[in-house]
Amino acid sequence: MFPTNMFDSHPHMLDMSPHNTTCSESDLGKARDDEYEIKSGTDTMDAPSGDDQDPNPRPKKKGYHRHTQRQIEEMEAFFKQCPHPDDKQRKVLSRELGLEPLQIKFWFQNKRTQIKTQHERHENAILKAENEKLRAENNRYKEALTNATCPHCGGPAALGEMSFDEQHLRIENARLREEIDRISGIASKYVGKPMTSSYSNLSSLNNNHVPVGNYGAQSGTVGEMYGGGDLFRSLPAPGDADKPMIVELAVAAMEELTRLAQAGEPLWVPSNHHSEILNEDEYLRTFPTRGLGPKPLSLRSEASRESVVVIMNHINLIDILMDVNQWSTMFCGIVSRALTLEVLSTGVAGNYNGALQVMSAEFQVPSPLVPTRENYFVRYCKQQPDGIWAVVDVSLDNLRPSTISRSRRRPSGCLIQELPNGYSKVTWIEHVEVDDRAVHSIYRPLVNSGLAFGAKRWVATLDRQCERLASSRANNIPAGDLCVITSSEGRKSMLKLAERMVISYCTGVGASSAHAWTTLSATGCDDVRVMTRKSTDDPGRPPGIVLSAATSFWLPVPPKMLFDFLRVENSRNEWDILSNGGLVQELAHIANGRDPGNCVSLLRVNSANSSQSNMLILQESCIDSTGSYVVYAPVDIVAMNVVLSGGDPDYVALLPSGFAILPDGPGLNGGPILDVGSGGSLLTVAFQILVDSAPTAKLSLGSVATVNSLIKCTVERIKVAVMRDNT
């Protein structure tokens, strides 16, 4: 398995300890001129605080991570021959010198910068001498002008012009005024727009129509509603001066993640809900010099660890984790938005070993009552000496000190071990510090238990999605059931369409900063929240004005019971108002997991209303130990015939609605469900309704009232039905 300390077993790794800092000032001065050094980004991180301070503190010296004389001489010699080595040459050098390829890369970058700086210093000295010469001439001219006399009267000359200094100041003032105007324009673009819905105060409207705002946050994109997407994109890409610090932080995070993955008690202790949580006191003793510094008082620490064996080989898993689009698709219920800001290294030898990329992501719970967690971090992938792969994230908040962070990731990620049968064993660690005081009270037990954002939810989602992918690639499907789709191409097309439907639902139901929810009432936690969007030029969505509505509430019934009630077609007419009480029949079925609740179905509503007798509904239901979904959308018969024949599903218009079901906390084994946190369910109901097929139309208050009435009536029907069945 892993060495106890990666830095001890690999002397070329960046040294995070301060034991090599005792050297004379002359040695340091010489090193600054003649050697390449990476200055430690943790000089101020080891300082004790509070009661831990030494009563007789010794003066601290700054720590430097210095290469050996032989390493420097070898790289200096190679630099004279080739100042721009490629990936292959860096890999050979790293093997010969015992350094990481990234350390070689940044040494050469800094060496080239040093040479360039020396040339610029020489040029600056020349320009400075010329400038002094011009300054002396200028002073002589000014003195001559000051002492000038009138040739007619012999008195002082009236030049009639402003002085040289005044003219220079006026020019500089004009330039600064233009700069202020430009920055003010940019700032007003981002913060000058109203950050609430254009119909945020319905009672104050005097007309009968409501303007429609913009909407975003679709699959694989960044939301554009009211500047949310612009703010998400405004995160800075790292500068050249930051990259050595990022490398050092990533290497230290990888070493910490590896040690956390293989450690047992007392670092990890069992929790009440069959999981492992981190002992914070032991963590501080084990990792005293943490790269992010001490935890701010306003943040709460949350750490957990889980392991799982998944039906996927390690290569495909690494590809998914290192590709932001595949990653956000795989974990669409957790990752509402994600973006790769800069790739610092693509890896070596044709794979992701050594890959390093700066990212931003927004993590969510499927409810508008739980604020999302936005993180700016670096992701580092490396293959360990024993063949195990590791992917680690760590926040880069130190690169934006002016920003107050509500959430930051300490070393988090996973270790992936290849198994002989082609499966993979994944050990997942989530360690964050977060300000979650804005979480609604009914979700607080769930969030505090770590089940909402913790490692258990990540591995449960990964396991379920790997089963789904394996199902989509299955070829030998038994034809015993008439509803089962046996065509391979038809199965793939229908699963792809259902995947797009679920992603669209998940990205639109949370509290993402790209959304602008407006509360229609203020009577309790089950308030209905609405938002609108215009749909144009999107083949996967019907054109027009779409109204989205969502509400979350607690039910005193087990989550599995609620999930089974909502997913089966036999009980659909008890809550689905749009089916008009008609019977629902399953026409097609695709199982995509071991649990019978994980499936994709094509349903037909046999309604007494002739206009709806041919209505089809595409539905996907999925469940794991941390939550479940039932997502559905009405679909066109002709379009579904094309999909079932293996046609392209991207042009099928969908407006998904559905349910997200979460446990209300760790629960009480076998006890009665009396209040929130005792084993009940947290249900989020979300609808999307096309209220006008013309994108330029205005949204009437009548449409808002209709959708509000629809969702409240559905909620009441669900409550009555499940409470009756639970008695």
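Remember, predicted model here, so these are calculated numbers, not experimental data.

What counts and how
- Note on numbering: residues in each chain are counted from 1, in written sequence order.
- Thresholds applied to this predicted model are a pLDDT of at least 70 for local features of residues and 80 or more for the giving and counting of side-chain atom pairs; totals over whole chains, interfaces and linings are not thresholded and use all residues.
- Excluded from the side-chain calculations are hydrogens and water; all other atoms, namely the structure's heavy atoms, are used.
- Secondary structure elements follow DSSP: runs of H or I no shorter than four residues count as helices, runs of E no shorter than two count as strands, and numbering proceeds from the N terminus.
- The buried label applies to any residue whose accessible area, calculated with a 1.4 Å probe on protein chains only, is under 20% of its type's maximum; exposed applies above 50%, and partly exposed to all values in between.
- Throughout, a residue-residue contact means that at least one pair of heavy atoms, one from each residue, lies within 4.5 Å.
- Under the convention used here, a 1.4 Å probe and the Shrake-Rupley method define accessible areas, while residue burial counts only the protein chains that appear.
- By convention a nonpolar core is built from buried Ala, Val, Leu, Ile, Met, Phe, Trp, Tyr and Cys residues, the set being connected through side-chain atoms within 4.5 Å.
- Comment: arc refers to directions from the helix axis out to C-beta atoms.
- Polar contacts, as used here, are pairs of N or O atoms within 3.5 Å; protein pairs need one atom able to donate a hydrogen and one able to accept it. Residues neighboring in sequence count only if both atoms are side-chain atoms.
- When DSSP locates at least two bridges between a pair of strands, those strands are taken to pair.
- In this description, a disulfide is simply a cysteine sulfur pair whose atoms lie within 2.5 Å.
- Put simply, the grid is 1 Å and covers the protein atoms alone, a cavity is a trapped set of points that fit a 1.4 Å probe, a pocket is an open set with protein on both sides within 12 Å along at least five of seven lines, and lining residues have an atom within 4 Å of a point.
- Grid points are joined across faces, edges and corners, and a volume is the space filled by probe spheres set on the points.
- Residue-level confidence of the predictor is what pLDDT reports, using numbers from 0 through 100.
- Axes here refer to lines fitted to C-alpha atoms; in helices the fit is confined to the stretch in contact. Angles between the N-to-C directions go from 0 to 180 degrees.
- Orientation labels follow simple angle bins: below 35 degrees gives roughly parallel, above 145 gives roughly antiparallel, 65 to 115 gives roughly perpendicular, and whatever is left gives oblique.
- Amino acid classes used here: Ala, Val, Leu, Ile, Met, Phe, Trp, Tyr, Cys and Pro are nonpolar; Asp, Glu, Lys and Arg are charged; the rest, including Gly, are polar.
- In summary, the pairing rule links any two rings of Phe, Tyr or Trp, Trp by its six-membered ring, whose centres are within 6.5 Å, and it sorts them by plane angle into stacked for under 30 degrees, edge-to-face for over 60 and tilted for everything else.
- The rule for a salt bridge is simple: a side-chain nitrogen of Lys or Arg has to be within 4 Å of a carboxyl oxygen of Asp or Glu.
- Exposure above 30% relative accessible area and the lack of any salt bridge qualify a residue for a patch; like charges then connect within 9 Å, and the nonpolar side chains Val, Leu, Ile, Met, Phe, Trp and Tyr within 5 Å.
- Each crossing is labelled by how the near helix is turned from the far one, with a counterclockwise turn of less than a right angle marking it left-handed and a clockwise turn marking it right-handed.
- By definition here, a helix of n residues has an expected span of 1.5 Å times n minus one.

### Re the overall build of the chain
Looking only at helices and strands, the chain has 17 helices and 23 strands in total. Residues counted as buried form 48% of the 727 residues belonging to the chain. Sequence separation of at least 24 residues holds for 68% of the intrachain contacts in the chain that already meet a minimum separation of 6. Surface exposure of the chain reaches about 35,200 Å², of which carbon and sulfur atoms provide 53%.

### What about the environment of T258?
Tracing the sequence through the fold places T258 in helix α8 (residues 243-262). Of the residues examined, T258 reaches a relative accessible area of 1% and is grouped as buried. Each C-alpha atom of the pair T258 and G413 lies 9.7 Å from the other, and the pair is 155 residues apart in sequence.

### Notes on the nonpolar core
If you look at the biggest cluster of nonpolar residues, it comprises 46 residues, and the most contacted ones within it are W327, F331, V426, W428, Y443 and L462. Not counting residues within four places of it along the chain, the set of residues in contact with L462 comprises V310, L317, M330, F331, V426 and W428.

### Observations concerning helix α4 (residues 87-97)
One turn of the α-helix equals 3.6 residues, which is why residues spaced by three or four share an orientation. Looking only at α4, the buried set comprises R90, L93, S94 and L97. Around the axis of α4, the buried residues are gathered within 100° of arc, so they sit on the same side. Pointing more than 90 degrees away from the buried face of α4 are the exposed residues K88, R95 and E96. Sitting at the amino-terminal end of α4 is D86, which places a side-chain oxygen 3.3 Å from the backbone nitrogen of K88. The first or second residue beyond α4 is G98, which carries a positive phi of 75°.

### Some details on the pairing of strand β20 (residues 627-635)
Judged by how many residues are buried, β20 sits mostly within the fold: eight of nine residues are covered. As judged from the nine bridges shared by strand β19 (residues 616-624) and β20, these two strands associate in the antiparallel manner. When the bridges of β20 are listed, I623 appears paired with S628. Where β20 lies against strand β21 (residues 657-663), five bridges are found, and the strand directions are antiparallel. What sits directly across from V630, in β21, is F659.

### As for the state of the cysteines
Per the counting criterion, the structure on display carries zero disulfides. A disulfide-free cysteine, C381 has its sulfur positioned 8.8 Å from the sulfur of C414, the nearest such atom. Relative accessible area serves as the criterion here: at 0%, C381 is assigned to the buried category. The closest cysteine sulfur to the non-disulfide-bonded C622 is located on C506, 7.4 Å from its own sulfur.

### Some details on empty space enclosed by the protein
In this structure the tally under the stated criterion is eight cavities of 30 Å³ or more. In this structure, the largest cavity spans a volume of roughly 230 Å³. Around the largest cavity sit 24 residues that line it, and C332, G333, R464, C622 and Y629 are the ones nearest its centre. Every element with two or more residues in the lining of the largest cavity is listed here: α11 (324-330), α13 (455-472), α14 (488-509), β19, β20 and β21.

### Considering the confidence of the model for the chain
Here the chain shows a mean pLDDT of 76. Residues at 70 or above account for 72%. In the model, residues 158-162 has pLDDT below 50 throughout and makes three contacts with residues more than four positions away in sequence or in other chains. The model gives residues 187-231 a pLDDT under 50, and that stretch makes 94 contacts with residues more than four places away or in other chains.

### Structural notes on the packing of α13 against α14
Following both chains from N to C, one finds α13 and α14 inclined at 150°, their axes separated by 9 Å at the closest point. Here α13 is positioned roughly antiparallel relative to α14, judged by the angle of their axes. When α13 is examined against α14, the residues R468, S471 and S472 are found in contact with a partner set consisting of R491, K492, L495, A498 and E499. When its residues are assigned to classes, the contact of α13 with α14 shows two nonpolar, two polar and four charged.

### Here we look at the packing of aromatic side chains
Geometry of an aromatic ring pair is reported as the spacing of the ring centres plus the angle between the planes. The final tally for this structure, using the stated rule, is 14 aromatic pairs. Look at Y283 and F287: their rings are 5.2 Å apart centre to centre, the planes differ by 45°, and that puts the pair in the tilted class. Ring geometry for W428 against W458: centres 5.2 Å apart, planes inclined by 15°, an arrangement best described as stacked. Here W428, found in strand β13 (residues 424-434), pairs with W458, found in helix α13; they are 30 residues apart in sequence, far enough to count as distant. Taken as a pair, W428 and W458 share a single burial class, namely buried.

### Thoughts on the pairing of β21
Taken across its seven residues, β21 has seven buried, putting it largely inside the fold. By the bridge criterion, six bridges tie β21 to strand β22 (residues 681-692) in an arrangement that is antiparallel. By the bridge assignment for β22, P663 is matched with S681.

### Description of unusual backbone geometry
Trans peptide bonds make up the majority, and among non-glycine residues the majority have a negative phi. Between E265 and the following residue, P266, the backbone shows a cis peptide bond with an omega angle of 10°. Along the chain, the position of P266 falls in the loop between α8 and β4 (268-270).

### Overview of the pattern of salt bridges
Pairing is possible between side chains that carry opposite charge, provided their charged atoms lie close to one another. Enumeration according to the criterion identifies 26 salt bridges in this entry. Between D87 and R90 there is a salt bridge, and its shortest N-O distance comes to 2.2 Å. With D87 and R90 both in helix α4 and three residues apart, this pair spans about one turn of that helix. Accessibility expressed as a relative area gives 15% for R90, which makes it buried. Through salt bridges that share partners, R300, E302, R373 and D436 make up one connected network.

### Quick look at a nonpolar patch on the surface
A cluster of nonpolar residues, V309, I311 and Y423, forms a patch on the protein surface that exposes about 220 Å² of accessible area. In this fold, V309 is placed in strand β6 (residues 300-310). In this structure V309 comes out as partly exposed when scored by relative accessible area, which is 44%.

### Observations concerning the packing of helix α15 (residues 559-567) against helix α17 (residues 701-726)
Interaxial distance between α15 and α17 falls to 11 Å at its minimum, and their mutual angle equals 120°. Considered as vectors, α15 and α17 are oriented oblique to each other. Note that α15 runs across α17; the crossing there is right-handed. From α15, M561, L562, F565 and L566 reach across to α17, where they touch I718, A721, V722, D725 and N726. Residue composition of the contact of α15 with α17, grouped by class: seven nonpolar, one polar and one charged.

### What to know about α13
Taking 1.5 Å per residue as the helical rise, α13 with its 18 residues ought to reach 26 Å, and the 26 Å between its terminal C-alpha atoms agrees with that figure. Taken across its 18 residues, α13 has 15 buried, putting it largely inside the fold.

### Side note on the environment of F565
In this fold, F565 is placed in helix α15. C-alpha of F565 to C-alpha of D725: the two residues are 160 residues apart in sequence and 9.4 Å apart in space. If we ignore the near neighbours within four places in the chain, the residues touching F565 are S571, E574, W575, A721, V722 and D725.

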